[in-house]
Amino acid sequence: MPVLISSCLLGIECRYDGGHSRAEEIIEVAEKIQFIPICPEQLGGLSTPRAPSCIVKGDGEGVLSGHARVINSLGKDVTEAFIKGAQESLKLARLTGATKAILKNKSPSCGLNTPYCETDTGYGLGVTAALLLTAGIKIIEINPEGKNKDVIEKLRLL
Ligand code: SF4
């Protein structure tokens, strides 16, 4: 089955700073999984490198419902680009039949529990993570600096 994956986890240099977030355990299983790489921020039309962004007045769910905005470090409102990137990512899931995703942590797009948002807990969903969950896509969040063993088994159990 195809699985969406944050491109930066595969070593693609799509991060805001022009780098990647390669996760070795993901690379090790790349030949066994039909990965569909996505970088929602690039799919939304943002450049690489780009100014990093935070979600203000909420998290990704708030952005999708129109109550929160995404603002970059230069003070520019990039909400529409984040929403477009989420929609394009979901489009790829629909086109390929992917029902699961492996997404990078701590991202205002991809994170499930990202610190870059204003919520009561200080953590929340990224915009793409929120849209994919709403659409019924199941998500594993990966910390590229942590231990990510048994990725295939975790996908199977999702
Ligand atoms: S975390 Fe998501 S949006 Fe950020 S660089 Fe990686 S794939 Fe792109």
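Since the structure is predicted, the reported quantities are computational estimates derived from the model, not experimental observations.

Reading the values: rules and limits
Residues numbered from 1 in each chain as written. Predicted model: local features only at pLDDT ≥ 70, side-chain atom pairs only at ≥ 80, totals over all residues. Heavy atoms only, no water. Near = heavy atom within 4 Å. Nonpolar A, V, L, I, M, F, W, Y, C, P; charged D, E, K, R; others polar. Axes fitted to C-alpha atoms, helices over the stretch in contact; angles between N-to-C directions. Helix = DSSP H or I, 4+ residues; strand = E, 2+ residues; numbered from the N terminus. Parallel < 35°, antiparallel > 145°, perpendicular 65-115°, else oblique. Left-handed = near helix turned anticlockwise from the far one by under 90°. Contact = heavy atoms within 4.5 Å. Pairing = 2+ DSSP bridges. Right-handed = clockwise from strand over helix to strand, strands pointing away. Buried < 20%, exposed > 50% of the residue type's maximum accessible area, 1.4 Å probe, protein only.

The next subject is the site of the ligand. The ligand sits among 14 residues. The nearest are Cys-8, Ile-38, Cys-39, Glu-41 and Cys-110. The residue makeup of the shell around the ligand, split by class, is six nonpolar, four polar and four charged.

For any two helices packed against each other, the geometry is given by the interaxial angle and the distance between the axes. For the pair helix H4 (residues 79-96) and helix H5 (residues 127-134), the least separation of the axes is 8 Å and the interaxial angle reads 40°. With respect to each other, H4 and H5 are oriented oblique. For the pair H4 and H5, the sense of crossing is right-handed. Of the residues in H5, those touching H4 at Phe-82, Ile-83, Gly-85, Ala-86, Gln-87, Ser-89 and Leu-90 are Val-127, Thr-128, Leu-131 and Leu-132. Class assignment of the residues belonging to the contact of H4 with H5 gives a composition of seven nonpolar, four polar and no charged.

Right, let's talk about the pairing of strand S6 (residues 138-142) for a bit. In this sheet, S6 lies alongside strand S5 (residues 100-104) in parallel orientation, the contact comprising five bridges. If you follow Lys-104 over to S6, its bridge partner there is Ile-142. With H5 bridging S5 and its parallel neighbour S6, the resulting β-α-β unit is right-handed.

With that settled, consider the sheet that holds S5. Across the sheet, which stays open at both edges, the four strands sit in the order S2-S1-S5-S6 with parallel pairing between neighbours. Either end of the sheet is taken by a strand with one partner, and the two such strands are strand S2 (34-38) and S6. Within this sheet the neighbouring strands show an average axis-to-axis angle of 25°, counted without direction.

On to the pairing of S5, then. In terms of burial, S5 is largely enclosed, as four of its five residues are buried. Pairing analysis gives three bridges linking strand S1 (residues 2-6) to S5, with the strands arranged parallel. Within S5, the residue paired with Ile-5 across the bridge is Ile-102.

For Ser-21, the location among the structural elements is in the loop between S1 and helix H1 (24-29). Given the relative accessible area of 5%, Ser-21 is considered buried. In this view, Ser-21 contacts Cys-8, Leu-9, Arg-15, Lys-104 and Pro-144; residues no more than four positions away in its chain are not counted.

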